[in-house]
Amino acid sequence: MKKCIAACAALAVLLLAAAAGSRRDRADELRFIRKNQIRYKNFNGTPRNTVIFYGGFHGTGNDFVFRQVDPEHEVEVQATSDEEFFISKPVRFGTRYVLEYWYWTDSDENYEGFSAARNYHENSSPLVIDIPYEPGFYYFGYYDGRPSITTGELVEWNKNSSIEMKPAALKKAISCYRGTEWEPLLREEYRKAKEEAKEYKAQRRASRKAKD
């Protein structure tokens, strides 16, 4: 009986230690995010020689950490906290950014509250972005947060597609780059995205009617 009590006590200590370790890891990540939080000013780049990448995940909040891993370019870390969309700083052509850390949460009652955190490397990350060799904007899409972080694979949101969510992502980007030389270009991109989303919705409605 004493051995059983001792074993249970030891297990309890291990579980408490694991929980404390998890909290410490999360606290460390939050400090790292604050240190590398994107400030949308004083950019090293222009709309003529850099790229902005953007996209998001459905949920009530995401913490993102992206790291530049191409060995031919300098290491760079970009982070945002408690956001639906990630909007990058301008980045160099030909770089590679890996989603290195992701904390996803959704307090929606349908999910009964859910959160998860994942650390990734280049070979395990669900999101590796190869930046093109021309200036402009790179949209990596919009996905359903819970199944994506659970399975480790990008899963489209069944309510709205990436095409339909692109205007919302660009609206966020405009707010980040307001007052910069990027703003008029983002507004034009936003106008085009709204037209594309409208056309996509019309085609989807027509397809549904044809099946009925």
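### Here we look at the side chain of Thr-50
Thought 1: Among the secondary structure elements, Thr-50 is positioned in the loop between helix H1 (2-35) and strand E1 (51-58).
Thought 2: Note on Thr-50: relative accessible area 2%, which makes it buried.
Thought 3: In this structure the side chain of Thr-50 is engaged in a polar contact, spanning 2.6 Å, whose partner is the backbone oxygen of Thr-46.
Thought 4: Leave out the neighbours within four places in its chain, and Thr-50 touches Asn-44, Gly-45, Pro-90, Val-91, Phe-93, Pro-135, Gly-136 and Trp-182.

### Considerations on the nonpolar core
Note on soluble globular proteins: their nonpolar side chains tend to be buried together.
Thought 1: In this structure, Phe-53, Phe-66, Trp-102 and Phe-140 are the most contacted members of the largest nonpolar core, which totals 20 residues.
Thought 2: Put simply, the parts of the chain that give this core at least two residues each are E1, strand E2 (61-68), strand E5 (96-106) and strand E8 (136-144).
Thought 3: In terms of residue count, E5 provides more of this core than any other element does, four residues in total.
Thought 4: Setting aside chain neighbours within four positions, we find Phe-53 in contact with Phe-66, Phe-86, Ile-87, Ser-88, Val-91, Tyr-97, Ile-129, Ile-131, Tyr-138 and Phe-140.
Thought 5: Formed by 19 residues, the second largest nonpolar core is a distinct cluster that contains Ile-52, Tyr-139, Ala-173 and Cys-176.

### Observations regarding the environment of Leu-186
Thought 1: Within the secondary structure, Leu-186 is located in helix H4 (residues 183-211).
Thought 2: Judged by relative accessible area, which is 0%, Leu-186 ranks as buried.
Thought 3: For Leu-186 and Ser-175, which are 11 residues apart along the polypeptide, the C-alpha to C-alpha distance reads 9.8 Å.

### What to know about the confidence of the model for the protein chain
Thought 1: Confidence in the prediction for the protein chain averages 87 pLDDT; 85% of positions are at 70 or higher.
Thought 2: Low pLDDT (under 50) marks residues 1-23, which in the prediction has zero contacts with non-local residues, meaning those over four places away or in another chain.

### With respect to helix H3 (residues 162-176)
Thought 1: The first and last C-alpha atoms of H3 sit 20 Å apart over 15 residues, in line with the 21 Å expected at 1.5 Å per residue.
Thought 2: By the burial criterion, the buried members of H3 are Ser-162, Glu-164, Met-165, Lys-166, Pro-167, Ala-169, Leu-170, Ala-173, Ile-174 and Cys-176.
Thought 3: Buried positions along H3 lie against E1, strand E4 (85-87), E8 and H4.

Calculation criteria
- Note that residues are indexed from 1 along each chain, following the sequence as it is written.
- Only residues with pLDDT of 70 or above have their local features reported here, since the model is predicted, and side-chain atom pairs are shown and tallied only from 80 upward, although totals for entire chains, interfaces and linings are computed over all residues.
- Derived side-chain values reflect all non-hydrogen atoms in the structure, with water molecules and hydrogen atoms excluded from consideration.
- Helix and strand definitions here come from DSSP, where helices need a minimum of 4 consecutive H or I residues and strands a minimum of 2 consecutive E residues; each element is numbered from the N-terminal end.
- Burial classes follow relative accessibility: with a 1.4 Å probe on protein chains only, a residue under 20% of its type's maximum area counts as buried, one over 50% as exposed, and anything between as partly exposed.
- Two N or O atoms count as a polar contact when they lie within 3.5 Å, although within protein this holds only if one can serve as hydrogen donor and the other as acceptor, and sequence-adjacent residues are included solely when both atoms are side-chain atoms.
- Contacts were defined at the residue level, with two residues in contact if any of their heavy atoms lie within 4.5 Å.
- Put simply, a nonpolar core is a bunch of buried Ala, Val, Leu, Ile, Met, Phe, Trp, Tyr and Cys residues held in one set by side-chain atoms that sit within 4.5 Å of each other.
- Along the chain, pLDDT gives the predictor's confidence residue by residue, from 0 to 100.
- Every helix has an expected span of 1.5 Å times one less than the residues it contains.

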